[in-house]
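# Tertiary structure, described
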Amino acid sequence: MIYLDNAATTKVSEEVFEAMKPYFCEIYANPSAIYGFAGKSMKGVDEARGQVASLIGAKANEIYFTAGGSEADNWAIKAVAEANKDKGRHIITSTIEHHAVLHTCQYLEKQGFEVTYVGVDENGTIKLDELKAAIRPDTILISVMAANNEIGTIEPLKEIGAIAREHKILFHTDAVQAYGHIPLNVDELSIDLLSASGHKLHAPKGIGFLYIRNGVKIGSFMQGGAQERSRRAGTLNTAGIVGMGVAAKRAEEHLQANMDKQIILRDYLIERVLSEIPYSRLNGERTNRLPGNVNFCFRFIEGESLLILLDQKGICASSGSACTSGSLDPSHVLLAIGLPHEIAHGSLRLTLSEETTKEELDYTVDELKKIVERLRSMSPLYEDFVKSEKQ
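Residues numbered from 1 in each chain as written. Predicted model: local features only at pLDDT ≥ 70, side-chain atom pairs only at ≥ 80, totals over all residues. Heavy atoms only, no water.

## A closer look at the overall build of the protein chain
Here is the rule: In this description a helix means any DSSP run of H or I spanning at least four residues, a strand means any run of E spanning at least two, and both kinds are numbered starting from the N terminus. What the globule rule says is 2.2 Å times the number of residues to the power 0.38, and the radius of gyration is computed from C-alpha atoms. For each residue, the accessible area found with a 1.4 Å probe, counting protein chains only, is set against the maximum for its type, and the residue is called buried under 20%, exposed over 50%, and partly exposed in between.
Secondary structure summary: the protein chain contains 14 helices and 12 strands in total. At 22 Å, the protein chain has a C-alpha radius of gyration in line with the 21 Å of a compact globule built from 391 residues. In terms of principal-axis extent, the alpha carbons of the protein chain reach across some 80 × 55 × 35 Å. Scored against the burial criterion, the 391 residues of the protein chain give a buried share of 56%.

## A few points about the sheet that holds strand β10 (residues 293-298)
Selection criterion: Here, a strand pair is defined by DSSP locating no fewer than two bridges between the strands. In this analysis, axes come from line fits to C-alpha atoms, helices being fitted only over the stretch in contact, and the angle between any two N-to-C directions falls in the range 0 to 180 degrees.
Strand order in the open sheet formed by three strands is β9-β10-β12, and the pairing between neighbours is antiparallel. The open sheet has two edge strands with one neighbour each: β9 (280-282) and β12 (347-351). Here the strands of the sheet are splayed against their neighbours by 25° on average, with no regard to which way each runs. Of the pairings in the sheet, the one linking β10 to β12 comprises five bridges and is antiparallel in character. Each residue of the ladder has a partner; that of F296, found in β12, is L348.

## Some points on the pattern of salt bridges
A side chain with one charge may pair with a side chain of the opposite charge, provided their charged atoms come close. To keep it simple, the criterion reads: In the sections that follow, a salt bridge refers to a side-chain nitrogen of Lys or Arg positioned within 4 Å of a carboxyl oxygen of Asp or Glu.
Per the counting criterion, the structure on display carries 23 salt bridges. The structure contains a network of salt bridges with shared partners spanning R272, E276, K358, D362, D366 and K369.

## Considering the packing of helix α9 (residues 238-276) against helix α13 (residues 358-377)
What describes two packed helices is the angle between their axes and the distance between those same axes. Just so we agree on the cut-off: In this scheme, roughly parallel covers angles under 35 degrees and roughly antiparallel covers those over 145, while 65 to 115 is roughly perpendicular and the rest are oblique. Definitions for this section: a left-handed crossing has its near helix turned counterclockwise from the far helix by less than a right angle. A right-handed crossing has that turn clockwise. Every residue pair with non-hydrogen atoms within 4.5 Å of one another is taken to be in contact. Under this grouping Gly is polar, as are all residues other than the nonpolar Ala, Val, Leu, Ile, Met, Phe, Trp, Tyr, Cys and Pro and the charged Asp, Glu, Lys and Arg.
Two numbers describe how α9 lies on α13: the axes approach to 10 Å, and their chain directions differ by 20°. By the criterion of interaxial angle, the relationship of α9 to α13 is roughly parallel. α9 and α13 meet at a crossing whose hand is right-handed. On the side of α9, the interface is formed by L265, Y268, L269, R272, V273 and E276, while α13 contributes K358, L361, D362, V365, D366, L368 and K369. Considered class by class, the residues forming the contact of α9 with α13 number seven nonpolar, no polar and six charged.

## Some points on the environment of Q223
Along the chain, Q223 falls in the loop between β8 (208-212) and α8 (227-230). In this structure Q223 comes out as exposed when scored by relative accessible area, which is 65%. In this structure, the C-alpha to C-alpha distance between Q223 and A233, residues 10 residues apart in sequence, is 5.5 Å.

## Concerning the pairing of strand β5 (residues 139-143)
Note the cut-off: Note on handedness: a crossover is taken as right-handed if, strands pointing away from the viewer, the path from the first strand over the helix to the second is clockwise.
Burial runs high along β5: five of the five residues are buried. Looking at chain direction, strand β3 (residues 90-94) and β5 are connected through four bridges and run parallel. Bridge pairing in β5 places I91 opposite L141. Taking the sense of rotation as the criterion, the β-α-β connection linking β5, helix α7 (residues 157-166) and strand β6 (residues 170-174) turns out right-handed.

## Section: the packing of aromatic side chains
What counts is decided by this rule: Two aromatic rings from Phe, Tyr or Trp, using only the six-membered ring of Trp, form a pair when their centres are within 6.5 Å; if the ring planes differ by under 30 degrees the pair is stacked, by over 60 it is edge-to-face, and anything between is tilted.
According to the stated counting rule, one finds nine aromatic pairs in the structure shown. With 5.1 Å between their ring centres and 85° between their planes, Y28 and F37 make a pair best called edge-to-face. You can call Y28 exposed: its relative accessible area is 55%. Consider the rings of Y279 and Y382, whose centres lie 6.3 Å apart with planes at 70°: the pair is edge-to-face.

## Quick notes on the pairing of β6
On a regular strand, each side chain points to the face opposite its neighbour's, so the side chains alternate between the two faces of the sheet. By the criterion of burial, β6 is predominantly enclosed, with five of the five residues buried. What you see with β6 is no split at all: L170, H172 and D174 on one side and F171 and T173 on the other are buried throughout. In this sheet, β6 lies alongside β5 in parallel orientation, the contact comprising three bridges. Residue pairing across strands places S143 opposite H172, the latter belonging to β6. Sheet topology note: the β6/strand β7 (residues 193-197) ladder contains three bridges and is parallel. From the neighbouring strand, T173 faces β7, where its bridge partner is L194.

## A look at unusual backbone geometry
You will see that Y279, though not glycine, has its phi angle at about 55°, which is positive. Residue class for Y279 comes out partly exposed when judged on its relative accessible area of 32%. Positive phi, normally seen in glycine, also occurs at F300, with a value near 75°. Within the secondary structure layout, F300 lies in the loop between β10 and α10 (303-312).

## Quick word on the sheet that holds β6
If you walk across this open sheet you meet the seven strands as β2-β8-β7-β6-β5-β3-β4, and the pairing is mixed. Edge positions in the sheet fall to β2 (63-66) and β4 (114-118), since each has one partner strand and no second. Averaged over all neighbouring strand pairs, the angle between strand axes comes to 20°, with direction disregarded. Running at roughly 145° to β4, helix α5 (residues 99-110) makes contact with β3, β4, β5 and β6 of the sheet. In the packing of α7 onto the sheet, contacts are made with β5 and β6, and the angle to β6 comes to roughly 155°.

This is the structure we're talking about:
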């Protein structure tokens, strides 16, 4: 099996798994208890909090553990809206956000808030002039992702953060795809809130965090106990938290090496596909993109058929976000960058990990060429197009 869907989830690394194991059957106390045995659990949580914070240049007490990125996005946007509704009810986001952000904003619109969805250019980079023009006296939050989960484009966070800071507006970024894969520093980028998820960087599913800059006015999201300094109720997922801490530490130690390796393989993959498969298109920025992300569109074929045939060859890939895998609609991201429906339907996302090899990519491209040719041979649209090209 060749696994090229690491944007959907990554496998838990051996180092992370080994670090987690004692917290299931040996150090199993509830970290919120007051006896000494529970202190061992809390020690693991505290160490992980520092490891997670270090990767983004944050303080440990600014990290609040959640069940994942979607919860962190919901918490950031809903709680900021609730805490600042007397100041204003206007929020700015982009048209290519993850649905955890878009659907949360749509929920708030039903509660009387106004949301401006700023457009992007043909590569998926947010239009900064449009963002500036959208700011109003009652704007309370700007939420723009760090890097797109489908096409990999890295957004200009430093410029967005400076704009938000200048206008005294809170800035939230969904960094689920970027955390642990590219350098991020919350102070340098003027980020007030940041969401991340463990299973995108070889930690387990079901653990994430929300960074909340000290001094930011925001309420709790989960009601109940006093965990996470009374801001997020619920018994702590100790093993998951420890796993995410180790994954963050690994990512920080090997960040540049992993980036360098994946960029070489990513660019090799892009070059082979674009040069060897006609009527193919790279979506997103050519270089200013996540190191392990590649997204193509192939004209005259359906992405779903492509995925099924790749799977038969032992290749795991996707056509976009795993969160919308049951939808028959084309990607909202591809439509936002200006692709027509018929081309957006033929998309393929291949995402690498630190373990991906050149040999795996060569096999993938060789099979992909055959599959695209086979699918096009059954397409009357392609047949008509070829005839018209020859005339």
